[in-house]
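# Remarks on the overall topology
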Amino acid sequence: MKAITDQWVRGYRLGAIPLLLFFSACSQWTASFIDVRSNAETMVMGAYSATPELNQRAVQDPSQKICSLMPDESLTQDQMTFVTDAAKHSVSYPNSGHLTGDWKKGAELVADGTGQRIVNGQIEKLARNGALCNNCHQIDPKEVNAGNLGPSLVGYAKLRGRSETVIRYTYEKIYNAWAFLPCSNMPRLGANHFLTPEQIADVVAYLTDPQSPVNAP
Ligand code: HEC
């Protein structure tokens, strides 16, 4: 009887080992998933430890936190609504009340990629920030230095007109792109203070003015 019990205990122990290994691997896998994220966040936060102003950029607002979920964690309807609502509330307008400004100033901004870059470990301070649009969009059909991360905006107002609705949409889209498409790759240029409301109005004019090269015949 004792021999049988010993055998059973030995067998039970042997069987328990793979089982324990299996459970420990599972918990380690889950832990490593979470660890990778927190390690990465710590590394980003620590990258410019001597310059708190730069570290401040790594602090995610509630919408960015939602949008930074791992790619296989798709957003719920509630999360999407949260992000679009927050984006809509973030929009402010020029004091003049005019959502279109000077298209020529807009043309300069669209082609200008400077301002608030990191140069020699410091944030570049310029009197005026560029709008970066050409980095991602073809806007002037003649511009050779244009990116393609975003859709082409050539012929913008020729294609959709320049009604009040189009102008307002264009202004709000540039101010906070997530008001229309949560977590898209377009930066939230007004909401994150890269462009002032007046600068955005100039860019809106550049996209919609019939005289602008964007809408050239
Ligand atoms: C980092 C890349 C990037 C930059 C910089 C960028 N965009 Fe975008 N933009 C996108 C992407 C990607 C989309 C498509 C997803 C979306 O709608 O948010 C988009 C969409 C748009 C749309 C909507 C297109 C439509 O058919 O209605 C407009 C308008 C627009 N961008 C204008 C601009 C302007 C003007 C600027 C500069 C002030 C700019 N974008 C800067 C990436 C960018």
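Residues numbered from 1 in each chain as written. Predicted model: local features only at pLDDT ≥ 70, side-chain atom pairs only at ≥ 80, totals over all residues. Heavy atoms only, no water.

Another aspect to go through is the packing of aromatic side chains. Think of a pair of aromatic rings as described by two things: how far the centres are apart, and how the planes are tilted against each other in angle. For the coordinates displayed, the defined rule picks out three aromatic pairs. Aromatic side chains Tyr 93 and Tyr 171 sit 5.4 Å apart centroid to centroid with 25° between the ring planes, which places their arrangement in the stacked category. Taken together, the residues Tyr 93 in the loop between helix H4 (77–90) and helix H5 (103–111) and Tyr 171 in helix H8 (residues 164–175) connect sequence positions 78 residues apart. For Tyr 171, a relative accessible area of 0% gives the class buried. (Phe/Tyr/Trp six-rings, centres within 6.5 Å; stacked < 30°, edge-to-face > 60°. Helix = DSSP H or I, 4+ residues; strand = E, 2+ residues; numbered from the N terminus. Buried < 20%, exposed > 50% of the residue type's maximum accessible area, 1.4 Å probe, protein only.)

Below, the discussion takes up the coordination of the iron atom of the ligand. Around the iron atom of the ligand, the protein supplies His 137 (NE2) and Met 186 (SD) as donor atoms, at distances of 2.0 to 2.2 Å. Coordination at the iron atom of the ligand is octahedral: its six donor atoms span angles of 84 to 178° at the metal. Here Met 186 lies in the loop between H8 and helix H9 (197–208) and His 137 lies in the loop between helix H6 (133–136) and helix H7 (156–160), a separation of 49 residues in the sequence. (Donors = N, O, S within 2.8 Å, 3.2 Å for Na, K, Ca; no water. Tetrahedral: all angles 85-135°; square planar, octahedral: opposite > 155°, others 65-115°.)

Counted according to the given criterion, the structure contains one disulfide. Across the disulfide, Cys 67 is cross-linked to Cys 183 (sulfur-sulfur distance 2.0 Å). In this structure the cystine formed by Cys 67 and Cys 183 twists about its S-S bond by roughly -70°; its chirality is therefore left-handed. Of this pair, Cys 67 sits in helix H3 (residues 62–67) while Cys 183 is found in the loop between H8 and H9, placing the two residues 116 residues apart along the sequence. (Disulfide = S-S within 2.5 Å.)

Once that is clear, we can look at the site of the ligand. Not every one of the 22 residues close to the ligand is listed here, only the nearest: Cys 133, Cys 136, His 137, Tyr 169 and Met 186. Contact between the ligand and Arg 160: an oxygen atom at 3.0 Å from a side-chain N or O atom of the residue. Note that an oxygen atom of the ligand is positioned 2.7 Å from one of the side-chain N or O atoms of Lys 173. If you list the elements that add at least two residues to the shell around the ligand, you get H6, H7, H8 and H9. When residues in the shell around the ligand are grouped by element, the largest group, three residues, is from H8. (Near = heavy atom within 4 Å. Polar contact = N/O pair within 3.5 Å; in protein donor to acceptor, adjacent residues only side chain to side chain.)

In this section: the packing of H8 against H9. Look at H8 against H9: their axes get within 9 Å of each other, and the N-to-C directions meet at 130°. Looking at the two axes, H8 sits oblique to H9. Crossing hand, H8 versus H9: right-handed. Seen from H8, the contacting residues are Ile 167, Thr 170, Tyr 171, Ile 174 and Tyr 175; seen from H9, they are Pro 197, Ile 200, Ala 201, Val 203, Val 204, Leu 207 and Thr 208. Grouping the constituent residues of the contact of H8 with H9 by class yields ten nonpolar, two polar and no charged. (Axes fitted to C-alpha atoms, helices over the stretch in contact; angles between N-to-C directions. Parallel < 35°, antiparallel > 145°, perpendicular 65-115°, else oblique. Left-handed = near helix turned anticlockwise from the far one by under 90°. Contact = heavy atoms within 4.5 Å. Nonpolar A, V, L, I, M, F, W, Y, C, P; charged D, E, K, R; others polar.)

This next bit is on the nonpolar core. Grouped together as the largest cluster of nonpolar side chains are 24 residues, with contacts concentrated most on Ile 139, Tyr 171, Ile 174, Ile 200, Val 203 and Leu 207. Secondary-structure elements contributing two or more residues to this core are H5, H8 and H9. Among the elements that line this core, the one with the most residues is H9, at six residues. Dropping the residues within four chain positions of it, Ile 200 is found in contact with Tyr 171, Ile 174, Tyr 175, Gly 190 and Leu 195. Counting six residues, the second-largest nonpolar core is a separate cluster that includes Ile 66, Val 83, Trp 178 and Ala 179. (Core = buried A, V, L, I, M, F, W, Y, C linked by side-chain atoms within 4.5 Å.)

Turning to the environment of Gly 155, a few remarks are in order. Along the chain, Gly 155 turns up in the loop between H6 and H7. For Gly 155, a relative accessible area of 6% puts it in the buried group. Distance from Gly 155 to Pro 213, taken between C-alpha atoms, is 8.5 Å for residues 58 residues apart in sequence. Excluding its chain neighbours within four sequence positions, the residues that come into contact with Gly 155 are Val 214 and Asn 215.

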